[in-house]
Amino acid sequence: MTIIKAGVKDLDVICDLYEQFFRYFTKQEPYIYQTSEANREYYQKALASEKDLYFVSFDNDQPIGFCHFSKKTSPPIQFYVRHLLAVLMEMFVIKSHRAPHISNSLVSRSNM
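Residues numbered from 1 in each chain as written. Predicted model: local features only at pLDDT ≥ 70, side-chain atom pairs only at ≥ 80, totals over all residues. Heavy atoms only, no water.

### Remarks on the pattern of salt bridges
Inspection of the entire model under this criterion finds three salt bridges. The residue R40 makes a salt bridge to D12 at a minimum N-O spacing of 2.6 Å. In this pair, R40 is assigned in helix α2 (residues 40-48) and D12 in helix α1 (residues 11-28), connecting sequence segments 28 residues apart. Residue classification places R40 among the partly exposed positions, given a relative accessible area of 39%. As a salt-bridge pair, E41 and K45 come within 3.4 Å of each other at their nearest N and O atoms. One end of the pair, E41, and the other, K45, are both in helix α2, four residues apart, so they sit about a helical turn from each other. With a relative accessible area of 51%, E41 lands in the exposed category. Here K45 falls in the exposed class, since its relative accessible area comes to 56%. (Salt bridge = Lys/Arg side-chain N within 4 Å of Asp/Glu carboxyl O. Helix = DSSP H or I, 4+ residues; strand = E, 2+ residues; numbered from the N terminus. Buried < 20%, exposed > 50% of the residue type's maximum accessible area, 1.4 Å probe, protein only.)

### Examining the pairing of strand β3 (residues 62-73)
Pairing of strand β2 (residues 52-59) with β3 involves eight bridges; the strand directions are antiparallel. If you follow F55 over to β3, its bridge partner there is C67. Linkage of β2 to β3, two consecutive antiparallel strands, is achieved through a turn of two residues, within which N60 is found at a positive phi near 55°. Here nine bridges tie β3 to strand β4 (residues 84-93), and the two strands are oriented antiparallel to one another. For C67, the partnering residue across the bridge sits in β4 and is M91. (Pairing = 2+ DSSP bridges.)

Shown next, in the form of structure tokens:
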């Protein structure tokens, strides 16, 4: 298994994994999620953004999962030291490869 930080060149991989992600969750929560091929432009902008980080996991060159982090700054509360943090927005691993070590590896890779 290999994990890469995704960029614009990985748009097709991200779109395919998101389509699987949405198909899965549409069955679980149809009032929240909807499938849409029109999101390609959104993902292209997100992959090019400095604010969003995507990591993709591969098994024998086959994409098996991803995670999406969004960079934020800590709240402007007087007693906090301002710093950057990453919020996990989505994570998905295809059904045939679901195991704790894959999701843990995706999150660990993001810490590098």
